[in-house]
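Residue-level structural notes
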Amino acid sequence: RVKERGRGNFSFYQPQMSTGLLSRMKLEHAMRQALDKGHMAVYFQPQVHIQSQRIVAAEALLRWTDPDLGVVSPAVFIPLAEESGYVVALDAWVLEQSLKEAAHWLAQGTPVKVSVNVSALEFRQPDFVERLVQVLHASGLPPQWLELELTESILLQDVQEMSMRVHQIAELGVGLVIDDFGTGYSNLSYLKKLPISKIKIDQSFVRGLPHEAEDKAIVGAIISMGQALGLETVAEGVETQQQCTSIAQMRGDYYQGYLCSPAVPAPQFRERLLQQSAQPGHWSLPADGVP
Ligand code: C2E
Ligand code: MG
Ligand code: MG
Ligand code: MG
């Protein structure tokens, strides 16, 4: 079974990988132990407000470093975790860690939002919203500082149940973000029905900027649509200044990518926020302290 992921990565099921280093079972066994053994960590990648060039959010990205296997990419182990159901445990752990970390950013006087990926299986758990409320409460983080990243496909199955869930989450004050936008389905009607706050333009469209006319047309169209619908846009995978400038000209709101930084360990990201706060002309927060 070949399953295409965004960014041109493939899951573990490619036929040509079957003779690879590891069996699926060995990998899955190692993955299930990695959390308890302390081999998993949540890294944070800055999201930059393009107009001000300030870091205003960070995406939580799971990292697994196995003593024998080395660094295993989430593009490999997340699909495996999704198939085995283990992703529910992983996502719950990442959410908890992310909320704690964001509470720390707030406490150190450098508040930014944290954006957490939620897989379809986790989002569909009947008790997802209930657990979200509990873990938010336990962290002490005001819900306005949390965003959840969903893929379009999540919203297109069990439409009624999922839309109810999305509304419940939005009512909590948690932001809802569509990840990898443009790679999913073409039925966009959910965008006018659901309280979505942001869309993340998939990096496959950003890569060709500013030269590829097709990519430019697609990114420009997504940004215009976002503006018309009151949705903020985040360009993913921005690696060069030229890509950033191109997105700025098209009036995209935010970018994420190696141009600013890859995902880094929590202590490094805290330090980055402290450095930013030492620079002039920043943190223009309203008096209530929420964005
Ligand atoms: P995603 O949510 O679309 O995350 C963006 C991916 O793009 C990340 O890959 C990030 O490291 C990478 N990236 C960021 N900037 C650049 C850039 O400038 N150039 C390039 N080439 N890549 C860039 P990563 O960390 O390998 O994660 C891959 C995917 O795995 C994520 O895609 C997400 O779908 C999934 N994932 C990661 N962590 C979690 C998690 O905690 N839970 C769930 N359910 N999925 C996760
Ligand atoms: Mg994401
Ligand atoms: Mg993405
Ligand atoms: Mg993704």
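This text gives an overview of the structure that appears in the document.

Analysis parameters
Residues numbered from 1 in each chain as written. Chains lettered and ligands numbered in written order. Predicted model: local features only at pLDDT ≥ 70, side-chain atom pairs only at ≥ 80, totals over all residues. Heavy atoms only, no water. Donors = N, O, S within 2.8 Å, 3.2 Å for Na, K, Ca; no water. Helix = DSSP H or I, 4+ residues; strand = E, 2+ residues; numbered from the N terminus. Buried < 20%, exposed > 50% of the residue type's maximum accessible area, 1.4 Å probe, protein only. Contact = heavy atoms within 4.5 Å. Polar contact = N/O pair within 3.5 Å; in protein donor to acceptor, adjacent residues only side chain to side chain. Core = buried A, V, L, I, M, F, W, Y, C linked by side-chain atoms within 4.5 Å. Near = heavy atom within 4 Å. Areas by Shrake-Rupley, 256 points an atom, 1.4 Å probe, with all protein chains shown as cover. Nonpolar A, V, L, I, M, F, W, Y, C, P; charged D, E, K, R; others polar. Pairing = 2+ DSSP bridges.

The coordination sphere of the magnesium ion (ligand 2), as far as protein atoms go, consists of E59 (OE), N117 (OD1), E149 (OE) and D179 (OD), spread over 2.0 to 2.3 Å. Spacing between the donor residues of the magnesium ion (ligand 2) along the chain follows E-x57-N-x31-E-x29-D. The two metals, the magnesium ion (ligand 2) and the magnesium ion (ligand 3), are separated by 4.1 Å and share D179 as a common coordinating residue. Of this pair, N117 sits in strand β4 (residues 113-117) while E149 is found in strand β5 (residues 146-151), placing the two residues 32 residues apart along the sequence. Residue N117 is classed as partly exposed on the basis of its relative accessible area of 24%.

With that out of the way, let us pick up the side chain of S246. If you trace the backbone, S246 turns up in helix α11 (residues 241-249). Beyond its immediate sequence surroundings of up to four residues, S246 is in contact with L209, P210 and K216.

Attention shifts here to the environment of N117. When the C-alpha positions of N117 and L229 are compared, they lie 23 Å apart, and in sequence the two are 112 residues distant. Engagement of the side chain of N117 in a polar contact is seen with the side chain of E59, the distance being 2.7 Å. Only 3.4 Å separates the side chain of N117 from the backbone oxygen of A60, close enough to count as a polar contact.

What follows covers the nonpolar core. Membership of the largest hydrophobic core comes to 76 residues, with the highest contact counts inside it found for L146 and L148. Considering each element in turn, this core owes the most residues, seven residues, to helix α3 (residues 87-107). In this structure L148 touches L95, V116, V118, F128, L132, I169, V174, G175, L176 and V177, once residues within four positions along its chain are discounted.

Neighbouring ligand 1 are 23 residues, the closest being R63, D91, D179, E239 and Y258. A distance of 3.2 Å separates an oxygen atom of ligand 1 from a polar atom in the side chain of Q203. Contacts to ligand 1 include Y258, whose backbone N or O atom sits 2.8 Å from an oxygen atom. Expressed as a share of its isolated accessible area of 800 Å², the protein-covered part of ligand 1 is 89%. Mapped by element, the contributors of at least two residues to the shell around ligand 1 are β2 (54-66), α2 (74-84), α3 and β6 (175-181). Top contributing element to the shell around ligand 1 by residue count: β2, with four residues. Of the residues contributing to the shell around ligand 1, the split by class is seven nonpolar, six polar and ten charged.

Let's shift gears to the pairing of β4. As paired elements, β2 and β4 share four bridges and run parallel to each other. Directly across from E59, in β4, lies its bridge partner S115. Summarising the sheet, β4 and β5 pair through four bridges and their orientation is parallel. Its bridge partner lying in β5, S115 is registered against E147.

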